[in-house]
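Architecture and fold: a report
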Amino acid sequence: MSMTFIEDNDQTRARREHLAAITALVGNAYPNKFACSRVVNPDREDTITAIVKKFLPLAPQAAEEGARPAPEEIERANAMLNPLTVRVCGRLAVPPRVMGKAAFVHLSDGVSRLQIYVRRDDATARHTDGREADGWELLQLLDHGDFVGAEGFLFVTKTGELSVHVRELTFLAKALLPMPDKMHGISDPEIGRRQRYADLIAGSLKIDHSDGELTTREVFARRSKLITELRRFLDEHDYVEVETPMLSPIATGAVAKPFKTHHNALDIDLYARVAPELYLKRLVVGGFERVYELNRNFRNEGLSARHNPEFTMLEFYCAYMDAVGMMDFCEVMLRATIERVNGATHVRFGGHAFDFGRAFERLTMRQAVAKYWPLQFREMGGERFDDGWLLDALRVRQLVAFLDEQKQGPMGATAGAGYSSAAEDTLKANFALADAWQRAGAAAVDNGAPADAEETARHIARLFEEVAEPHLTQPIFITNFPKPISPLAKASPVDPSIAERFELYIAGMEVANGFSELNDPAEQYERFAEQGRARERGDEEAMQMDEDYLRALAYGMPPAAGIGIGVDRLVMLLTNRHSIRDVILFPHMRPQRPAENHAAE
RNA sequence: GGGCCGUUAGCUCAGUCGGUAGAGCAACUGGCUUUUAACCAGUGGGUCGCAGGUUCGAGUCCCGCACGGCUCACCA
């Protein structure tokens, strides 16, 4: 038998030899079950975590750090603990500490650890055929990471640690591979993400947690808690959870490139959904006035610290509500769930501190661009930046062209050469700026084609992304998106050029996106048609016409607001992880190239 | 694709000016019946990512390649 996944070295050889010796000693080294005691709760078997939680408070405390508790206090604790016989099981969290004729080992259940104490003169083991075997002999064969069951009585040691004095040891499963370093854990993030099991083990076995960061286990426990709380909040507000297709004949509902697959029996291509949006709105048509789905979306785009090809989105719709109402609701929901998950509305994320208890700022997209337009470019060619320019298509063109040029060169002459004085530098810089501004203006006019609404919309979105987005650290709603880039959103009743759409930004990340839903089938048809024209011009991400959806709208959809919340990014914020790959258990990674091929034989 | 950084024992990492390959942990042997990053004594373990060059001599300097990380561009 060749097990190429187990490297052959002195470490693995020792473990295999131990396994053979264990088999000789106790028979089946992989028994099917182990029944634990029911000391903590007669209705369920004890876990290490349950035992520790229940009995740790009985262990005496030392008067000061590093000192041992008073002997009489230990005696008092043992008088209560010794009559309690427990059966517990778990993974060896450390290599056994053998001291001649006695040994200490910690067992872990993945969350907590409990020490067991094995003595040569009173430890037995159980052979799978029922015979008694030598427990001390079995202990000698245990490796860091093995699974064992232990029966014995509770006590506290001289140092005050709650422990189990083992009477019978049962072998449960072998770790044939060495455990991650007990002090350093897994240092290579690559291995941590590819082998999440090893990462989780490392977190539960690591001795020093002094860095104050959450363990991997804790990150995903918090993720689970967040998802529970989001569901609870929506359930309490009369939302109904549904599941809509992951595979559909057309990928629509968001501006994104889809994954394509094929259904053999039907002989049709299907797409992994990029958003459940249009299905959920069909349900609003059908009478689900409050409906949500919390599930995966798939987008065939680049990977980054903030992008995984599949990601979890919470999407929900509320009839008779508009975008403003949805922002209010979203804010209340985040405040409530974050408080329940983290125990406070305060969140620390890298060097930033957020207080979700405070009202979120709200700015229109144009206001955001105007607010964050760089100070050094407020004066250009004798003209003063005015946010009214953002209403003027040619001005918008000029701003984009100007920004492009500034991004290209290293600010032209503004870098300033060797010996020139500060005044000279400023003068040169002003000239260069005026020049650039003029060139941008000329380019805007020369562009030829009359500026159409869609081009202006894209330009404003670009200006927003370049100029404002990096500054959006504290939670902020950006509102009033240009209509042409929002094909499913309803126009504002006061300004038909903008959509009643918003995005929530936190720590520079887009965390949520919502709007007043377009429910006029005729207008929706026109918007799809515009998208179709963009598609023909080569925009792969443009949305496809969905005729069934239009038919649904034709049956009548009540006014409604909807929102999509990026759950992974929210988890990042709540766990202080700066890569989305750290909050997804098995993130997609580039396939591993065989750089080393020692496993060949 | 561009820029920067990395690759040394099973793991985490040192390695000075170019001169015999190092530590801690882990493994193995022995000692130790309340330890806790247990301790003490000893043993084994290396194609220094790969390939070429310079040199009397390369883990170290030079060139190329592979693998990986961070970052920029693209993107929710």
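Residues numbered from 1 in each chain as written. Chains lettered and ligands numbered in written order. Predicted model: local features only at pLDDT ≥ 70, side-chain atom pairs only at ≥ 80, totals over all residues. Heavy atoms only, no water.

What follows is about the environment of Val-583. If you trace the backbone, Val-583 turns up in the segment after α16 (567-575). The residues contacting Val-583, other than those within four sequence positions of it, are Val-219, Phe-220, Arg-223, Asp-568, Val-571, Met-572, Thr-575 and Arg-577. (Helix = DSSP H or I, 4+ residues; strand = E, 2+ residues; numbered from the N terminus. Contact = heavy atoms within 4.5 Å.)

Around RNA strand B, the surrounding shell holds 44 residues, and the nearest of these are Arg-68, Gln-115, Lys-158, Thr-159 and Glu-301. Backbone sugar and phosphate groups make up 51% of those atoms of RNA strand B lying within 4 Å of the protein. His-18 is positioned such that a nitrogen or oxygen atom in its side chain is 2.8 Å from a phosphate oxygen of RNA strand B. Lys-101 has a polar backbone atom sitting 3.4 Å from a phosphate oxygen of RNA strand B. Counting only elements with at least two residues in the surface near RNA strand B, the list comes to α1 (10-26), β2 (97-98), β3 (102-108) and β4 (113-119). Per-element accounting of the surface near RNA strand B gives the leading share, four residues, to α1. Broken down by class, the residue content of the surface near RNA strand B amounts to 13 nonpolar, 12 polar and 19 charged. (Near = heavy atom within 4 Å. Polar contact = N/O pair within 3.5 Å; in protein donor to acceptor, adjacent residues only side chain to side chain. Nonpolar A, V, L, I, M, F, W, Y, C, P; charged D, E, K, R; others polar.)

Below, the discussion takes up the side chain of Thr-312. Mapped onto the fold, Thr-312 is located in strand β14 (residues 310-319). One polar contact links Thr-312 to Arg-223, side chain to side chain, over a distance of 3.2 Å. In contact with Thr-312, not counting residues within four places along its chain, are Arg-223, Leu-294, Asn-295, Arg-296, Ile-565, Gly-566, Val-567 and Asp-568.

Right, let's get into unusual backbone geometry. In this structure, Asp-267 is a non-glycine residue whose phi angle is positive, near 50 degrees. Its place among the elements puts Asp-267 in the loop between β11 (260-263) and β12 (268-272). In this model, Ala-507 sits at a positive phi of 55 degrees, which is unusual for a non-glycine residue. One can find Ala-507 in the loop between β21 (498-506) and β22 (509-516).

Their axes nearest at 9 Å, the elements helix α14 (residues 521-536) and helix α15 (residues 547-554) cross at an angle of 160 degrees. Relative to α15, the element α14 is oriented roughly antiparallel. The element α14 and its partner α15 pack so that their crossing is right-handed. Along its contact with α14, which presents Pro-521, Gln-524, Tyr-525 and Phe-528, the element α15 presents Tyr-549, Leu-550, Leu-553 and Ala-554. Within the contact of α14 with α15, the residues separate by chemical class into seven nonpolar, one polar and no charged. (Axes fitted to C-alpha atoms, helices over the stretch in contact; angles between N-to-C directions. Parallel < 35°, antiparallel > 145°, perpendicular 65-115°, else oblique. Left-handed = near helix turned anticlockwise from the far one by under 90°.)

Attention now goes to the pattern of salt bridges. It is possible for side chains bearing opposite charge to pair when their charged atoms get close. In this structure the tally under the stated criterion is 30 salt bridges. Arg-167 is the partner of Asp-122 in a salt bridge, and the nearest nitrogen-oxygen pair spans 4.0 Å. Of this pair, Asp-122 sits in the loop between β4 and β5 (124-126) while Arg-167 sits in strand β8 (residues 162-173); the two residues are 45 residues apart in sequence, bridging distant segments of the chain. Glu-229 is the partner of Arg-232 in a salt bridge, and the nearest nitrogen-oxygen pair spans 3.0 Å. Separated by three residues within a single helix, Arg-232 and Glu-229 lie in helix α7 (residues 216-236), roughly one turn from each other. (Salt bridge = Lys/Arg side-chain N within 4 Å of Asp/Glu carboxyl O.)

Strand order in the open sheet made by the three strands is β10-β12-β11, with antiparallel pairing throughout. Where the open sheet ends on each side, the last strands, each with one partner, are β10 (247-248) and β11. In this sheet, β12 lies alongside β10 in antiparallel orientation, the contact comprising two bridges. Looking at the pairing, Ser-248 lines up with Tyr-271 of β12. (Pairing = 2+ DSSP bridges.)

A few words on helix α8 (residues 277-285). Residues of α8 that are buried include every one of Glu-277, Leu-278, Leu-280, Lys-281, Arg-282 and Val-284, and no others. Residues of α8 that are buried make contact with β13 (290-298), β14, β22, α14, α15 and β23 (560-566). Where α8 ends, the next residue or the one after it, Gly-287, has phi of about 115 degrees, a positive value. (Buried < 20%, exposed > 50% of the residue type's maximum accessible area, 1.4 Å probe, protein only.)

A common way to state how big an interface is: give the accessible area lost once the parts meet. Examined at the domain level, chain A breaks down into domain 1 (10-179), domain 2 (217-360 + 474-594) and domain 3 (368-457). Inter-centroid distance (C-alpha atoms) of domain 1 to domain 2 is 48 Å. (Domains from an automatic or database assignment.)

With their axes 9 Å apart at the nearest point, α7 and helix α9 (residues 323-342) run at an angle of 135 degrees to one another. Here α7 lies oblique to α9, going by the angle between them. Of the two elements, α7 crosses α9, and the hand of that crossing is right-handed. Together, Arg-222, Lys-225, Leu-226, Glu-229, Leu-230, Arg-232, Phe-233 and Leu-234 of α7 and Phe-329, Val-332, Met-333, Ala-336, Thr-337, Arg-340, Val-341 and Asn-342 of α9 make up the contact between the two elements. Of the residues in the contact of α7 with α9, the class split is nine nonpolar, two polar and five charged.

As a further point, take the sheet that holds β22. In space, the eight strands of this open sheet follow the order β9-β13-β14-β23-β22-β21-β20-β17, with mixed pairing throughout. Each edge of the sheet is formed by a strand with only one pairing partner; in this case those strands are β9 (240-241) and β17 (361-364). Where β17 meets strand β20 (residues 476-482), four bridges bridge the pair, whose relative direction is parallel. By the bridge assignment, Arg-362 is partnered in β20 with Phe-477.

Here we take up the packing of aromatic side chains. What characterises a pair of aromatic rings is the spacing of the ring centres plus the angle enclosed by the ring planes. Tallied over the entire structure, the rule returns 13 aromatic pairs. Ring geometry for Phe-528 against Tyr-549: centres 6.4 Å apart, planes inclined by 75 degrees, an arrangement best described as edge-to-face. Note that Phe-528 is positioned in helix α14 and Tyr-549 in helix α15, a separation of 21 residues in sequence. For the residue pair Phe-528 and Tyr-549, the accessibility class agrees, reading buried in each case. Members of the aromatic cluster, connected to one another through ring pairs, are Phe-354, Phe-356, Phe-360, Phe-477 and Phe-502. A cation over a ring is seen here: Arg-282 above Tyr-279, with NZ or CZ 4.9 Å from the ring centre. (Phe/Tyr/Trp six-rings, centres within 6.5 Å; stacked < 30°, edge-to-face > 60°. Lys NZ or Arg CZ within 6 Å of the ring centre and 35° of its normal.)

Before going further, it helps to spend a moment on the nonpolar core. One broad rule of soluble globular proteins: the nonpolar side chains tend to lie buried together. Counting 48 residues, the largest nonpolar core has Leu-314, Phe-316, Met-326, Phe-329, Met-333, Leu-504 and Ile-565 as the members making the most contacts within it. Among all residues touching Met-333, those that are not within four sequence positions of it are Leu-230, Phe-233, Leu-234, Leu-314, Phe-316 and Ile-565. With 42 residues, the next largest nonpolar core counts Val-52, Phe-55, Val-88 and Ala-133 among its residues. (Core = buried A, V, L, I, M, F, W, Y, C linked by side-chain atoms within 4.5 Å.)

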